[in-house]
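Spelled out, the chains give:
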Amino acid sequence: MSTEILNKNINIIIFASGNGSNAENIIRYFTKTNHNIQFKVITNNQNAGVVKRCENLNIECLIFKKKDFENTKVLKFLEKIKPYLIILAGFLLKIPNNIINNFEKKIVNIHPSLLPKYGGKGMYGINVHKKVIANKEKESGISIHYVNGNYDEGEIIFQKSIEINYPSDSGKLSKKIHKLEMEYLPKTIEKLIKHIHNE
(Lines give C-alpha, C1' and ligand atoms only; values in the text may rest on other atoms or scores of the structure.)
Protein backbone atom coordinates (compact mmCIF):
# COMPACT_ATOMS: atom_id res chain seq x y z
CA MET A 1 0.00 0.00 0.00
CA SER A 2 1.41 3.38 -1.00
CA THR A 3 2.66 6.06 1.38
CA GLU A 4 -0.09 8.32 0.04
CA ILE A 5 -2.74 5.92 1.26
CA LEU A 6 -0.98 5.45 4.59
CA ASN A 7 -1.08 9.19 5.15
CA LYS A 8 -4.79 9.42 4.44
CA ASN A 9 -7.43 9.10 7.14
CA ILE A 10 -9.15 5.91 6.03
CA ASN A 11 -12.30 4.96 7.90
CA ILE A 12 -13.68 1.44 7.78
CA ILE A 13 -16.93 0.50 9.48
CA ILE A 14 -17.58 -3.10 10.51
CA PHE A 15 -21.15 -4.28 11.14
CA ALA A 16 -21.30 -7.31 13.46
CA SER A 17 -24.09 -9.03 15.38
CA GLY A 18 -22.38 -11.93 17.14
CA ASN A 19 -19.11 -13.24 18.49
CA GLY A 20 -16.95 -10.83 16.52
CA SER A 21 -14.07 -13.14 15.59
CA ASN A 22 -14.05 -11.91 11.99
CA ALA A 23 -14.16 -8.28 13.12
CA GLU A 24 -11.24 -8.80 15.50
CA ASN A 25 -9.27 -10.65 12.84
CA ILE A 26 -9.71 -7.79 10.35
CA ILE A 27 -8.64 -5.17 12.89
CA ARG A 28 -5.60 -7.15 14.01
CA TYR A 29 -4.54 -7.82 10.41
CA PHE A 30 -4.39 -4.12 9.57
CA THR A 31 -2.79 -3.22 12.91
CA LYS A 32 0.06 -5.69 12.25
CA THR A 33 0.62 -4.33 8.76
CA ASN A 34 0.78 -0.74 10.03
CA HIS A 35 -1.93 0.60 7.73
CA ASN A 36 -3.33 3.94 8.83
CA ILE A 37 -6.94 2.82 9.12
CA GLN A 38 -9.48 3.95 11.67
CA PHE A 39 -11.99 1.23 12.56
CA LYS A 40 -15.39 1.60 14.15
CA VAL A 41 -17.74 -1.28 14.86
CA ILE A 42 -21.52 -1.07 14.74
CA THR A 43 -23.73 -3.72 16.30
CA ASN A 44 -27.46 -4.19 16.80
CA ASN A 45 -26.89 -6.47 19.81
CA GLN A 46 -25.61 -4.98 23.05
CA ASN A 47 -24.89 -8.48 24.39
CA ALA A 48 -22.88 -9.59 21.37
CA GLY A 49 -19.37 -10.91 21.93
CA VAL A 50 -18.05 -8.30 19.52
CA VAL A 51 -18.71 -5.59 22.13
CA LYS A 52 -16.20 -7.13 24.57
CA ARG A 53 -13.71 -7.74 21.77
CA CYS A 54 -13.86 -4.05 20.87
CA GLU A 55 -13.23 -3.08 24.49
CA ASN A 56 -10.13 -5.29 24.52
CA LEU A 57 -8.91 -3.83 21.23
CA ASN A 58 -9.70 -0.23 22.26
CA ILE A 59 -11.99 0.12 19.24
CA GLU A 60 -15.14 2.20 19.39
CA CYS A 61 -18.25 0.02 19.25
CA LEU A 62 -21.57 1.74 18.67
CA ILE A 63 -24.86 0.03 19.48
CA PHE A 64 -27.88 0.87 17.36
CA LYS A 65 -31.38 -0.55 17.53
CA LYS A 66 -32.98 -2.24 14.53
CA LYS A 67 -35.18 0.81 13.93
CA ASP A 68 -32.07 3.01 13.68
CA PHE A 69 -31.08 1.14 10.52
CA GLU A 70 -34.56 1.48 9.06
CA ASN A 71 -34.83 5.22 9.69
CA THR A 72 -31.99 7.64 8.94
CA LYS A 73 -29.98 7.50 12.18
CA VAL A 74 -27.35 5.00 11.00
CA LEU A 75 -27.32 6.51 7.51
CA LYS A 76 -26.55 9.97 8.90
CA PHE A 77 -23.77 8.54 11.06
CA LEU A 78 -22.22 6.83 8.04
CA GLU A 79 -22.49 9.96 5.91
CA LYS A 80 -20.60 11.87 8.61
CA ILE A 81 -17.83 9.24 8.86
CA LYS A 82 -17.50 8.77 5.06
CA PRO A 83 -16.16 5.20 5.25
CA TYR A 84 -13.96 3.75 2.52
CA LEU A 85 -15.78 0.47 3.08
CA ILE A 86 -18.53 -1.02 5.24
CA ILE A 87 -17.80 -4.64 6.10
CA LEU A 88 -20.54 -7.02 7.21
CA ALA A 89 -18.88 -9.58 9.49
CA GLY A 90 -21.58 -11.83 10.90
CA PHE A 91 -24.24 -9.13 10.68
CA LEU A 92 -27.75 -10.58 10.52
CA LEU A 93 -29.98 -7.59 9.82
CA LYS A 94 -30.91 -6.87 6.22
CA ILE A 95 -29.25 -3.62 5.11
CA PRO A 96 -31.98 -1.12 4.16
CA ASN A 97 -32.05 0.50 0.75
CA ASN A 98 -31.36 3.98 2.13
CA ILE A 99 -27.86 2.79 3.14
CA ILE A 100 -27.27 0.60 0.08
CA ASN A 101 -28.18 3.40 -2.33
CA ASN A 102 -25.81 5.86 -0.64
CA PHE A 103 -22.86 3.46 -0.46
CA GLU A 104 -22.99 1.59 -3.74
CA LYS A 105 -20.12 -0.90 -4.09
CA LYS A 106 -18.81 0.06 -0.67
CA ILE A 107 -20.74 -2.49 1.42
CA VAL A 108 -19.06 -5.89 1.50
CA ASN A 109 -20.38 -9.15 2.94
CA ILE A 110 -18.79 -12.56 3.47
CA HIS A 111 -20.98 -15.62 3.04
CA PRO A 112 -20.05 -19.21 4.05
CA SER A 113 -20.92 -20.94 0.77
CA LEU A 114 -20.13 -20.77 -2.91
CA LEU A 115 -22.85 -18.39 -4.03
CA PRO A 116 -25.32 -18.50 -5.68
CA LYS A 117 -25.70 -21.84 -3.88
CA TYR A 118 -27.02 -21.72 -0.33
CA GLY A 119 -27.74 -18.01 -0.16
CA GLY A 120 -30.89 -16.11 0.75
CA LYS A 121 -32.94 -15.38 3.85
CA GLY A 122 -32.14 -17.67 6.76
CA MET A 123 -29.01 -18.98 5.10
CA TYR A 124 -26.25 -18.02 7.51
CA GLY A 125 -23.75 -19.77 9.75
CA ILE A 126 -24.43 -23.37 10.68
CA ASN A 127 -27.69 -23.36 8.69
CA VAL A 128 -25.64 -23.17 5.51
CA HIS A 129 -23.27 -25.95 6.50
CA LYS A 130 -26.10 -28.29 7.50
CA LYS A 131 -27.70 -27.87 4.07
CA VAL A 132 -24.40 -28.39 2.27
CA ILE A 133 -23.75 -31.65 4.16
CA ALA A 134 -27.35 -32.86 3.81
CA ASN A 135 -27.08 -32.44 0.04
CA LYS A 136 -23.75 -34.29 -0.08
CA GLU A 137 -22.03 -31.46 -1.90
CA LYS A 138 -18.50 -32.25 -3.06
CA GLU A 139 -17.22 -28.75 -2.23
CA SER A 140 -18.07 -25.60 -0.35
CA GLY A 141 -16.25 -22.38 0.43
CA ILE A 142 -16.62 -18.66 0.95
CA SER A 143 -17.98 -15.84 -1.17
CA ILE A 144 -17.09 -12.20 -0.60
CA HIS A 145 -19.53 -9.95 -2.42
CA TYR A 146 -20.98 -6.47 -2.65
CA VAL A 147 -24.34 -5.97 -0.97
CA ASN A 148 -27.44 -5.07 -2.93
CA GLY A 149 -31.14 -5.07 -2.07
CA ASN A 150 -31.46 -8.88 -2.00
CA TYR A 151 -29.83 -11.34 0.37
CA ASP A 152 -26.55 -12.71 -1.03
CA GLU A 153 -27.20 -11.61 -4.62
CA GLY A 154 -24.67 -8.79 -5.01
CA GLU A 155 -21.71 -8.89 -7.37
CA ILE A 156 -19.14 -11.46 -6.27
CA ILE A 157 -15.66 -10.08 -5.51
CA PHE A 158 -13.84 -13.24 -4.45
CA GLN A 159 -14.51 -16.94 -3.90
CA LYS A 160 -12.42 -19.73 -2.44
CA SER A 161 -13.49 -23.37 -2.48
CA ILE A 162 -12.51 -26.44 -0.48
CA GLU A 163 -13.21 -30.10 -1.09
CA ILE A 164 -15.50 -31.88 1.37
CA ASN A 165 -14.21 -35.30 2.39
CA TYR A 166 -16.86 -37.63 3.76
CA PRO A 167 -17.68 -38.69 6.39
CA SER A 168 -18.10 -35.07 7.47
CA ASP A 169 -20.60 -32.99 9.40
CA SER A 170 -21.64 -29.37 9.71
CA GLY A 171 -19.33 -28.76 12.67
CA LYS A 172 -16.22 -29.93 10.83
CA LEU A 173 -17.20 -27.97 7.73
CA SER A 174 -17.86 -24.84 9.79
CA LYS A 175 -14.31 -24.91 11.20
CA LYS A 176 -12.78 -25.28 7.72
CA ILE A 177 -14.89 -22.44 6.32
CA HIS A 178 -14.01 -20.22 9.27
CA LYS A 179 -10.30 -20.69 8.51
CA LEU A 180 -10.95 -19.50 4.96
CA GLU A 181 -12.75 -16.43 6.30
CA MET A 182 -9.88 -15.59 8.63
CA GLU A 183 -7.33 -15.85 5.83
CA TYR A 184 -9.06 -14.25 2.87
CA LEU A 185 -11.41 -11.55 4.18
CA PRO A 186 -8.64 -9.17 5.39
CA LYS A 187 -6.63 -9.72 2.19
CA THR A 188 -9.67 -8.98 0.04
CA ILE A 189 -10.44 -5.81 2.01
CA GLU A 190 -6.85 -4.66 1.48
CA LYS A 191 -7.17 -5.15 -2.29
CA LEU A 192 -10.46 -3.25 -2.33
CA ILE A 193 -8.90 -0.29 -0.52
CA LYS A 194 -6.12 -0.14 -3.11
CA HIS A 195 -8.68 -0.36 -5.92
CA ILE A 196 -10.84 2.44 -4.49
CA HIS A 197 -7.77 4.64 -4.01
CA ASN A 198 -6.68 4.13 -7.62
CA GLU A 199 -10.07 4.94 -9.16
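Above: the structure in question.
Owing to the predicted nature of the structure, the values given are computational and were not obtained by experimental measurement.

Attention now goes to the sheet that holds strand S5 (residues 107-111). An order of S3-S2-S1-S4-S5-S6-S7 is seen for the seven strands of this open sheet, with the pairing classed as mixed. Only two strands of the sheet have a single neighbouring strand rather than two, namely strand S3 (60-63) and strand S7 (156-163). Between one strand axis and the next, the sheet turns by 20° as a mean value, whatever way the strands run. Note that S5 and strand S6 (residues 139-146) share four bridges and pair antiparallel. Within the sheet, the bridge partner assigned to Ile110 lies in S6 and is Ile144. Its contacts with the sheet put helix H2 (residues 21-32) on strand S1 (10-15), strand S2 (37-43) and strand S4 (85-88), and the angle it makes with S2 is roughly 175°.

It is worth spelling out the layout of surface pockets at this point. Within this model, the largest pocket holds a volume of roughly 810 Å³. Gly90, Phe91, Leu92, Ile110 and Tyr124 are, among the 37 residues lining the largest pocket, the residues nearest its centre. Residues belonging to the lining of the largest pocket are distributed by class as follows: 15 nonpolar, 18 polar and four charged.

Quick look at the nonpolar core now. Ranked by internal contacts, the top residues of the largest apolar core, which has 41 residues, are Ile12, Ile14, Phe39, Ile189 and Ile193. Looking at this core element by element, the count peaks at eight residues for helix H8 (residues 170-198).

Let us look at the packing of aromatic side chains. Using the criterion set out here, one finds eight aromatic pairs in the structure. For the ring pair Tyr29 and Phe30, a centre distance of 5.1 Å and an interplane angle of 80° mean the geometry is edge-to-face. Here Tyr29 falls in the partly exposed class, since its relative accessible area comes to 22%. Aromatic rings pair up to connect Phe15, Phe64, Phe69, Phe77 and Phe91 into one cluster. The lysine or arginine in question, Lys94, covers the ring of Tyr151, its NZ or CZ lying 5.8 Å from the ring centre. For the cation-ring pair, Lys187 lies above Tyr184, with the distance from its terminal atom to the ring centre recorded as 5.6 Å.

Once that is clear, we can look at the pairing of S3. Side-chain direction in a regular strand flips from residue to residue, so the side chains alternate between the two faces of the sheet. Inspection of the sheet shows S2 paired to S3 by four bridges, in the parallel sense. Bridge pairing in S3 places Thr43 opposite Ile63. Regarding the hand of the β-α-β motif, the stretch spanning S2, helix H3 (residues 49-57) and S3 is right-handed.

Turning our eyes to something else, we now look at the packing of H2 against H3. Close contact between H2 and H3 brings their axes to 9 Å; oriented N to C, the two are set at 20°. Regarding the angle of H2 to H3, the classification is roughly parallel. Along this stretch, H2 crosses H3, giving a crossing that reads as right-handed. Facing H2, whose interface residues are Ser21, Ala23, Glu24, Ile27 and Arg28, H3 presents Val50, Arg53 and Leu57. Of the residues contributing to the contact of H2 with H3, the split by class is four nonpolar, one polar and three charged.

Parameters and conventions
Residues numbered from 1 in each chain as written. Predicted model: local features only at pLDDT ≥ 70, side-chain atom pairs only at ≥ 80, totals over all residues. Heavy atoms only, no water. Pairing = 2+ DSSP bridges. Helix = DSSP H or I, 4+ residues; strand = E, 2+ residues; numbered from the N terminus. Axes fitted to C-alpha atoms, helices over the stretch in contact; angles between N-to-C directions. Contact = heavy atoms within 4.5 Å. 1 Å grid on protein atoms, 1.4 Å probe; cavity = no way out; pocket = protein on both sides within 12 Å on 5 of 7 lines; lining within 4 Å. Points joined across faces, edges and corners; volume = space filled by probe spheres on them. Nonpolar A, V, L, I, M, F, W, Y, C, P; charged D, E, K, R; others polar. Core = buried A, V, L, I, M, F, W, Y, C linked by side-chain atoms within 4.5 Å. Buried < 20%, exposed > 50% of the residue type's maximum accessible area, 1.4 Å probe, protein only. Phe/Tyr/Trp six-rings, centres within 6.5 Å; stacked < 30°, edge-to-face > 60°. Lys NZ or Arg CZ within 6 Å of the ring centre and 35° of its normal. Right-handed = clockwise from strand over helix to strand, strands pointing away. Parallel < 35°, antiparallel > 145°, perpendicular 65-115°, else oblique. Left-handed = near helix turned anticlockwise from the far one by under 90°.

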